[in-house]
Amino acid sequence: MSLLFVTTNAGKVREARDYLDAAVEQFDYDYAEIQSDDLAAIAARGAHEAHEAAGGGDPVIVDDSGLFVGGLGGFPGPYSSYVEDTLGIERVWELVRSLDDRAAAFRSVVAYADGETVETFTGEVSGRIVAPRGAGGFGFDPIFEHEGETFAEMGTEAKNAVSHRGRALASLAEWLAERE
Ligand code: ITT
Ligand code: NA
């Protein structure tokens, strides 16, 4: 089976390839994200739209993720992409370093659509915000520390084993296997 991962983010595709048995191809397309604070609703609608945009053939997946900083009331959350582009991760660290509580979580919703079914899978990982370390991964990985290492200090496999995306992909893989 072959899956089209509809995303502008090659880092996500690398992680999914490392994880899933299915062949994963990237369809570099910015699907419309509805305005909502519900990641699952955004991803489910996005997957449906992306499947049509991709021509309605192979099943597609999309992934909507966010970084939620407790001491900032969950910010940037659904605005994570915008905040990475505008503030950048150094300035997110500058914002958080003055807080006593630096706990944070990554959340990810992976949505699958094949024209008949839309199904969502979620994953979450907790950690804390630290000064940037490490050269791997992407996005906020250098400032997100989990059990002593930032995600940018881990290899893809080690990150997948504990990450929000890895957990969502694990549920997807299990669901796909049950359907075969
Ligand atoms: P697509 O929507 O095209 O898939 P995107 O990068 O815009 O790509 P999101 O909206 O889901 O994806 O991402 C929200 C932000 O969170 C964005 O800045 C990502 O770089 C970042 N992000 C998502 N997953 C991450 C991860 O595993 N590690 C670090 N940063 C991550
Ligand atoms: Na996006």
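Just above, that's the structure.
I will try to describe carefully the structure that is included in this document. Computed from a predicted model, the values in this text were never measured in an experiment. (Residues numbered from 1 in each chain as written. Chains lettered and ligands numbered in written order. Predicted model: local features only at pLDDT ≥ 70, side-chain atom pairs only at ≥ 80, totals over all residues. Heavy atoms only, no water.)

Here we take up helix α1 (residues 10-19). Within α1, the full set of buried residues consists of G11, K12, V13, E15 and A16. Buried residues along α1 sit against β1 (2-6), β2 (23-27), β3 (60-69), α5 (156-162) and α6 (164-179). At the N-terminal end of α1, a side-chain oxygen is found 2.9 Å from the backbone nitrogen of G11, two or three residues along, and the residue is N9. (Buried < 20%, exposed > 50% of the residue type's maximum accessible area, 1.4 Å probe, protein only. Helix = DSSP H or I, 4+ residues; strand = E, 2+ residues; numbered from the N terminus. Contact = heavy atoms within 4.5 Å. Polar contact = N/O pair within 3.5 Å; in protein donor to acceptor, adjacent residues only side chain to side chain.)

What follows covers unusual backbone geometry. Most of the time, phi is negative for any residue but glycine, and the peptide bond is trans. The omega angle of the peptide bond from F75 to P76 is -5°, so this bond is cis rather than trans. Looking at where P76 falls in the secondary structure, it is placed in the loop between β3 and α3 (80-86). At E147, a position not held by glycine, the phi torsion is positive, near 45°. Tracing the sequence through the fold places E147 in the loop between β6 (144-146) and β7 (149-150). Given a relative accessible area of 74%, E147 falls into the exposed group.

Both β1 and β2 contribute to a ladder of five bridges, which runs parallel. Note that in β2 the partner of L4 across the bridge is E25. Read as a crossover between parallel neighbours, the route from β1 over α1 to β2 is right-handed. (Pairing = 2+ DSSP bridges. Right-handed = clockwise from strand over helix to strand, strands pointing away.)

Moving on: the sheet that holds strand β4 (residues 103-113). Taking strand neighbours across the sheet as the criterion, the seven strands line up as β2-β1-β3-β4-β5-β6-β7 in an open arrangement whose pairing is mixed. Edge positions in the open sheet fall to β2 and β7, since each of these has one partner strand only. The pairing of β6 with β7 spans two bridges and is antiparallel. Its bridge partner being in β7, H146 is matched across the sheet by E149. Where α1 meets the sheet, its contacts fall on β1, β2 and β3, and the angle it forms with β2 comes to roughly 170°. (Axes fitted to C-alpha atoms, helices over the stretch in contact; angles between N-to-C directions.)

All chains considered together, the criterion is met by eleven salt bridges. Between E124 and R107 there is a salt bridge, with its nearest N and O atoms 3.3 Å apart. In this pair, E124 sits in strand β5 (residues 118-129) while R107 sits in strand β4, placing the two residues 17 residues apart along the sequence. On the basis of relative accessibility, which here comes to 32%, the residue R107 falls in the partly exposed class. (Salt bridge = Lys/Arg side-chain N within 4 Å of Asp/Glu carboxyl O.)

Turning to the packing of aromatic side chains, a few remarks are in order. Describing an aromatic ring pair means giving the distance of the ring centres and the angle of the ring planes. Going through the model one piece at a time under the given rule, you end up with six aromatic pairs. Geometrically, the ring pair formed by F106 and F151 is stacked, given 5.9 Å between the ring centres and 10° between the ring planes. Within this pair, whereas F106 is found in strand β4, its partner F151 is found in the loop between β7 and α5, the two being separated by 45 residues in sequence. For F151, a relative accessible area of 1% puts it in the buried group. (Phe/Tyr/Trp six-rings, centres within 6.5 Å; stacked < 30°, edge-to-face > 60°.)

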